[in-house]
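# Structural description and commentary
Each chain is listed here by its residues.
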Amino acid sequence: MIAGMSSDTGGYRVTLALVFFAGFCVFVTLFTSVTYLPLYVRELGGGPALAGLQNTVFFFSGVLLRFYLGPLADRHGRRTPLLIGTAVSATAPLAFAAAGSIPMLLLARVYHAIALGAFLSAASSLVADCAPTAKRGVYIGAYRFIVTSTILVGPPIAEYSIGAIGFRGWFFASSAVHALAIPGIALMRVPRLEKLLQSDIRGGFMRVLRTPAVTGVLSGIALLTLVYSAILTYLPLSAESVGRTAGPYFVVFGSVGLVANLVAGGLSDRLGRRQVAWPAVLALPAAMLLLAIDGHPLPVFFASAALGGIGFSAGLAVAVAWLVDLVSDQLKATTLALQESTIDTFMAVGALVFGALVEQLGMANSFLYFGAAAAAVTLVLAHRTARVEDRLQPSDSRVGSS
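Residues numbered from 1 in each chain as written. Predicted model: local features only at pLDDT ≥ 70, side-chain atom pairs only at ≥ 80, totals over all residues. Heavy atoms only, no water.

Before going further, it helps to spend a moment on the packing of helix H1 (residues 13-43) against helix H5 (residues 136-179). At their nearest, the axes of H1 and H5 sit 5 Å apart, and the two run at 45° to each other. As far as their axial angle goes, H5 and H1 are oblique. With respect to the hand of their crossing, H1 and H5 are arranged in right-handed fashion. Split into classes, the residues belonging to the contact of H1 with H5 amount to 27 nonpolar, 6 polar and 3 charged. (Axes fitted to C-alpha atoms, helices over the stretch in contact; angles between N-to-C directions. Helix = DSSP H or I, 4+ residues; strand = E, 2+ residues; numbered from the N terminus. Parallel < 35°, antiparallel > 145°, perpendicular 65-115°, else oblique. Left-handed = near helix turned anticlockwise from the far one by under 90°. Nonpolar A, V, L, I, M, F, W, Y, C, P; charged D, E, K, R; others polar.)

What follows is the structure, encoded as structure tokens:
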């Protein structure tokens, strides 16, 4: 039948270091583009609507491109999409610098979305390939630690650089640093994978989605992303309305998230994925409920930030490890492509849904009702995935393994 991956996972420390460095570069470019390209749009003569449009184009292009680029890592190995993603992410800032108009910038964002579609799921898959099975959660948690660190490091560096050398100076500098990751990805040693006997894209996605436990975990990721998107978008406005700034909130959110990535991964290796995942996910709606308290008292404000960092970072790290556990080696990248597309889609949807709620109910009530609904759905999903996993026999728990 289909051969599996090479079982040699002990000699890939250099590979992991190279992927972690490339991942750091890719996510710095991703987060800084989402944060600062709206200001660049203004410099090009665009207004707020166009500033938001270029991010929407980026995320939805990434979702569409991932339907091809995600399974590519299962059919042709991890190196190909990782190299494509790293090279595109390194050259995308040059495309931003060359864009002299809004339409050209939108085309540059579509080009940048190739990296979103190619790199993210392939990188998570390769980390899982290189990890000893018993420590998969720790390894994926370490990778998510790198990803989370870019939220803290990238925007301040970009802000300083843009102030010192302008947008185009920042684009050229980030491209030059990012290019250092390309040779390592091109030459790194990777575990050998056999190709899928049935390598059609739609068939791979359907084989993954037919597993009820997978759909339950993906639903949890969708829920996490909805709440995270709402907080990320509307917390600054809510904080400003009571005389606070959002900066300290996100510093606590990111700092706690860094630690939560590592701790949750190790705990889930020892205690089980669902025993750690769902309590972590529940922390994010709890963070939103705290934001419903009038005036955002400082202890409540920072408690919300800490719970949010635990919920999003730990919940996502364990969910990724859980998805990898549920599928065969030949469907890892396809599964994680679905996971990344879920995140991108619900990042876009979450802000829109919450914004509509704010229009009807006001900010505090929206945090209250949205958070309560998310907490209730979390409990339902936890119950359903527990029932599904309890019914599964060990031989049934990984799809595509025949």
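Attention now moves to the pattern of salt bridges. Tallied over the entire structure, the rule returns 4 salt bridges. One salt bridge connects Glu-43 with Arg-168, and the closest N-O pair in it is separated by 3.8 Å. Taken together, the residues Glu-43 in helix H1 and Arg-168 in helix H5 connect sequence positions 125 residues apart. Glu-43 gets classed as partly exposed once you look at its relative accessible area, which sits at 47%. With its nearest N and O atoms 2.7 Å apart, the salt bridge here joins Asp-129 to Arg-78. Linking Asp-129 in helix H4 (residues 102-130) with Arg-78 in the loop between helix H2 (48-76) and helix H3 (79-98), this pair joins segments that are 51 residues apart in sequence. Using a relative accessible area of 0% as the deciding quantity, one classes Asp-129 as buried. Each of Asp-269, Arg-273 and Asp-325 takes part in a single network of salt bridges with overlapping partners. (Salt bridge = Lys/Arg side-chain N within 4 Å of Asp/Glu carboxyl O. Buried < 20%, exposed > 50% of the residue type's maximum accessible area, 1.4 Å probe, protein only.)

Another point: the side chain of Ser-161. Position of Ser-161 relative to the elements: it lies in helix H5. Given a relative accessible area of 13%, Ser-161 falls into the buried group. Polar contacts involving the side chain of Ser-161 include one to the main-chain carbonyl oxygen of Ile-157, which spans 2.9 Å. In contact with Ser-161, not counting residues within four places along its chain, are Gly-166 and Trp-170. (Polar contact = N/O pair within 3.5 Å; in protein donor to acceptor, adjacent residues only side chain to side chain. Contact = heavy atoms within 4.5 Å.)

For the structure shown, the criterion picks out 15 aromatic pairs. Ring centres 5.3 Å apart and planes at 80° place the aromatic pair Phe-354 and Phe-370 in the edge-to-face group. Of the two residues, Phe-354 is situated in helix H12 (residues 332-361) and Phe-370 in helix H13 (residues 363-391); the sequence distance between them amounts to 16 residues. On the basis of relative accessibility, which here comes to 0%, the residue Phe-354 falls in the buried class. An aromatic cluster of three or more residues is present, and its members are Tyr-228, Tyr-249, Phe-253, Phe-301, Phe-302 and Phe-312. Taking NZ or CZ as reference, Arg-109 lies 4.1 Å from the ring centre of Phe-58, over its face. Positioned above the aromatic ring of Tyr-12 is the side chain of Arg-189, whose terminal nitrogen or guanidinium carbon lies 4.3 Å from the ring centre. (Phe/Tyr/Trp six-rings, centres within 6.5 Å; stacked < 30°, edge-to-face > 60°. Lys NZ or Arg CZ within 6 Å of the ring centre and 35° of its normal.)

This paragraph deals with the layout of surface pockets. Approximately 200 Å³ is the volume attributed to the second largest pocket. Lining the second largest pocket we find 13 residues, and of these Phe-24, Val-28, Trp-170, Ser-174 and Val-177 sit closest to its centre. Only H1 and H5 provide two or more residues apiece to the lining of the second largest pocket. At 8 residues, the largest contribution of residues to the lining of the second largest pocket is made by H5. Here the residues of the lining of the second largest pocket are counted per class, giving 8 nonpolar, 5 polar and no charged. (1 Å grid on protein atoms, 1.4 Å probe; cavity = no way out; pocket = protein on both sides within 12 Å on 5 of 7 lines; lining within 4 Å. Points joined across faces, edges and corners; volume = space filled by probe spheres on them.)

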